[in-house]
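# Understanding the architecture of this molecule
Residue strings, one per chain:
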Amino acid sequence: MTEGGAVSAVPPDDIRAVPVRHPGRWAAAVVIAFLGYAVAVSMATNKRWEWSIVGHYFTWPTILDGLVTTLELTASAMAIGIVGGVMLAVMRLSPNPLVAGASWLYIWFFRGTPVLVQIIFWDYISAVYPHFAIGIPLGPEVGHVSVAFITGFVAGMFALGFNEAAYMSEIVRAGIISVDEGQTEAAQSLGMTRLLTMRRIVLPQAMRVIIPPTGNETIGMLKTTSLVSVIAVTDLLYATQIIYAANYEIIPLLVVASLWYLIVTTVLSIGQYYLERHYARSARGQQAGAIQTWWQNLTDLPLLRR
Amino acid sequence: MTAMVKAEGVRKRFGRLEVLKGINLEVQLGQVMCILGPSGSGKTTFIRCINHLEKINGGRLWVDGELVGYRQVADKLHELPDREVARKRTEIGMVFQRFNLFGHMTALENVIEAPVRVKKVAKDDAVSEGKRLLDSVGLSDKYDEYPSRLSGGQQQRVAIARALAMHPKLMLFDEPTSALDPELVGEVLDAMRRLANEGMTMVVVTHEMGFAREVGDIAVFMDDGVVIESGDPREVLVNPQHERTRSFLSKVL
């Protein structure tokens, strides 16, 4: 049946149109493939990369010990950074101007000085304070502890952690602000106190905003820990330095360190992906299965999809 | 008998802008008061003052005979500490225009959160009570849905159940149907009507004239921070005495 006598020319089946051609993408793919091939050939044929030495030292005990130190340092500094960051962010949003001001001052100081300087400072803290005493300033002393517990590792952990707290606090604050004011009002109208509201209602919802940059910070921290090599903490980088100082195989050992940093970064990225997915679930309001896994996202790249 | 809500000369300023210029109102136990008026008239600010989401600048406000936000010692007013304000809020339920359900919790988790965390009710008891409340607003199949998967009308009904879970003696509704699609307004009004029939004391800011006429015991018309007229809804809404009430009603009806 047709109206007005015109025969409908629209077929009932799905559209199968000729796709738009993208010659530019193919040209770019050719260029990239060529460059990739050139780099691969160079790395495979240039003997000075010394791949056998890379393989030899890849699982060398000194290197693995250094890797463990790097991981411990990353984890402990990030733990200090995250806990400190949440505290500083909550303080910064406090109605008490002195509390908010203290937080501001902390952030101003620790963001305003280079972290390398802070690391060296903590290493020399015993020169400034031969012993820590607890008591009233300029008054009687209640007790004291030796600063001997500040080893290179602890100095590095404090410096990196306290510095990180300043950056994390800004990330957490952005997350807290991103949560609608109505959530706080609803919680308050139900008789929840300020702290309970923060812990149960605001922070869990701020996570969606906080997690991605925190993953970024963690990956950044993994590599920033290499700065502690200046105070002779045997992390991954310093371990390789110890070895190449003896055998002069600088490039292969730096390759060893780089490979390990890349591996750990990859693992952290995957962890971040799943964490993000976990905190996105209520926002998207669907079951986990409906969200793609990271490798499915990878195969979504236009060139791979056909 | 003391009034459930009593306002005497309540004034509120935001900066230099005075939004409440001396409000005198009284709601008795079991009554439903509907507050009407153009936007910017101060009606939302007024009900937010009742549970101290806004601090009043002048006058006195009592809920069930107790001052809101202050304690009177001799002739001096003392601000109540956070904890005290929070405790008093547990007795006053509030439903918001934008629902404000907790986005990271399911419908049931929204309802049991405050009973469990604030009133320290045992989780099992809170769950069975929460299910009963969700059933009563017609959401027995939505316990485990997140708010983002519910329609506006369903979200608002969860919000009503959430407020009721604290067993409040007074319920405040801040334009509960204004953010809803027209076909969803009825289901929320039905839930409110049932609540009124059960004897709940309610203060409702609304634009729903039908609801005010049918369910309300008192209708209040506010404009520019003052009460223009108040009384029996069938009088105020059908035969208003004031020119401003008349012109407002002619616009919305």
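Note that the structure is predicted; figures quoted are calculated from it, not measured.

Looking only at helices and strands, one finds 12 helices and 2 strands in chain A. When the helices and strands of chain A are read in sequence order from the N terminus, they spell out α-α-α-α-α-α-β-β-α-α-α-α-α-α. Burial analysis of chain A (306 residues in total) assigns 34% to the buried set. For chain A, the share of sequence-separated contacts (at least 6 apart) that also reach a separation of at least 24 residues comes to 71%.

Further remarks concern the overall build of chain B. For chain B, the count of helices and strands is 9 helices and 12 strands. What you see for chain B is a C-alpha radius of gyration of 18 Å, in line with the 18 Å of a compact globule of 253 residues. With the principal axes as the frame, chain B shows a C-alpha extent of 50 × 50 × 35 Å. The long-range share in chain B, meaning contacts at least 24 apart out of those at least 6 apart in sequence, stands at 64%. Surface accessibility of chain B: about 11300 Å² in total, with carbon and sulfur atoms responsible for 45%. Counting 35 positive and 36 negative side-chain charges, chain B places the averaged centre of each group 6 Å from the other.

One pass over the full model with this rule turns up 23 salt bridges over all chains. Glu8(B) serves as the salt-bridge partner of Lys6(B), at 3.4 Å between the closest nitrogen and oxygen. The exposure class of Glu8(B) is partly exposed, given its relative accessible area of 39%. One salt bridge connects Lys21(B) with Asp224(B), and the closest N-O pair in it is separated by 3.4 Å. Here Asp224(B) lies in the loop between β11 (218–223) and β12 (226–231) and Lys21(B) lies in strand β2 (residues 17–27), a separation of 203 residues in the sequence. Look at Asp224(B) and you get partly exposed, because its relative accessible area is 43%. One continuous salt-bridge network, built from bridges that share partners, spans Arg92(A), Glu170(A) and Arg173(A).

What follows is about the pairing of strand β10 (residues 202–205) of chain B. All names here are of chain B. Of the two faces of β10, the one holding Met 202 and Val 204 and the one holding Val 203 and Val 205 are both buried throughout. Pairing of strand β3 (residues 32–36) with β10 involves 4 bridges; the strand directions are parallel. Counterpart to Ile 35 in the pairing with β10 is Val 205. The pairing of strand β9 (residues 170–174) with β10 spans 4 bridges and is parallel. Bridge pairing links Leu 172 to Val 203 in β10.

Glancing now at the confidence of the model for chain A. As a general rule, the predicted coordinates of low-pLDDT regions are not to be interpreted in detail. Mean pLDDT over chain A: 86, with 86% of residues reaching 70 or higher. Looking across chain A, the model is least confident in helix α12 (residues 294–298) of chain A, with a mean pLDDT of 53, and most confident in helix α8 (residues 181–189) of chain A, with 96.

Here the focus is the sheet that holds β12(B). All names here are of chain B. Taken in spatial order, the 6 strands of this open sheet run β8-β9-β10-β3-β11-β12, and their pairing is mixed. The open sheet has two edge strands, β8 (92–95) and β12, and neither has a second partner. Averaged over all pairs of adjacent strands, the angle between strand axes in this sheet comes to 15 degrees, irrespective of strand direction.

Residue-level contacts link 23 residues of chain A with 27 residues of chain B. Counting each side, the surface lost to burial between chain A and chain B is near 2200 Å², with a carbon and sulfur contribution of 55%. For Asp82(B), the salt bridge identified is with Arg194(A), shortest N-O distance 3.6 Å. Taken together, the links from chain A to chain B amount to 7 residue pairs in polar contact (both at pLDDT 80 or more). Among the elements of the structure, α8, α9 (194–224) and α11 (250–284) of chain A are those that each provide at least two residues to the side of chain A that touches chain B. Ranked by residues supplied to the side of chain A that touches chain B, first place goes to α8(A) with 7 residues. When grouped by side-chain class, the residues that make up the side of chain A that touches chain B number 8 nonpolar, 9 polar and 6 charged.

All names here are of chain A. In the contact formed by helix α3 (residues 61–92) and helix α10 (residues 236–247), the axes pass within 7 Å of each other and the chain directions differ by 155 degrees. With respect to α10, the axis of α3 lies roughly antiparallel. Crossing hand, α3 versus α10: right-handed. Contact residues: α3 offers Thr 62, Ile 63, Gly 66, Leu 67 and Thr 70, while α10 offers Leu 236, Ala 239, Thr 240 and Ile 243. For the contact of α3 with α10, a count of residues per class yields 5 nonpolar, 4 polar and no charged.

Basis of the calculations
- Residues numbered from 1 in each chain as written.
- Chains lettered and ligands numbered in written order.
- Predicted model: local features only at pLDDT ≥ 70, side-chain atom pairs only at ≥ 80, totals over all residues.
- Heavy atoms only, no water.
- Helix = DSSP H or I, 4+ residues; strand = E, 2+ residues; numbered from the N terminus.
- Buried < 20%, exposed > 50% of the residue type's maximum accessible area, 1.4 Å probe, protein only.
- Contact = heavy atoms within 4.5 Å.
- Rg over C-alpha atoms; globule rule 2.2 N^0.38 Å.
- Areas by Shrake-Rupley, 256 points an atom, 1.4 Å probe, with all protein chains shown as cover.
- Lys, Arg positive; Asp, Glu negative; His and termini not counted.
- Charge placed at Lys NZ, Arg CZ, Asp CG, Glu CD.
- Salt bridge = Lys/Arg side-chain N within 4 Å of Asp/Glu carboxyl O.
- Pairing = 2+ DSSP bridges.
- pLDDT = per-residue confidence, 0-100.
- Axes fitted to C-alpha atoms, helices over the stretch in contact; angles between N-to-C directions.
- Buried area = accessible area lost by both parts, 1.4 Å probe.
- Polar contact = N/O pair within 3.5 Å; in protein donor to acceptor, adjacent residues only side chain to side chain.
- Nonpolar A, V, L, I, M, F, W, Y, C, P; charged D, E, K, R; others polar.
- Parallel < 35°, antiparallel > 145°, perpendicular 65-115°, else oblique.
- Left-handed = near helix turned anticlockwise from the far one by under 90°.

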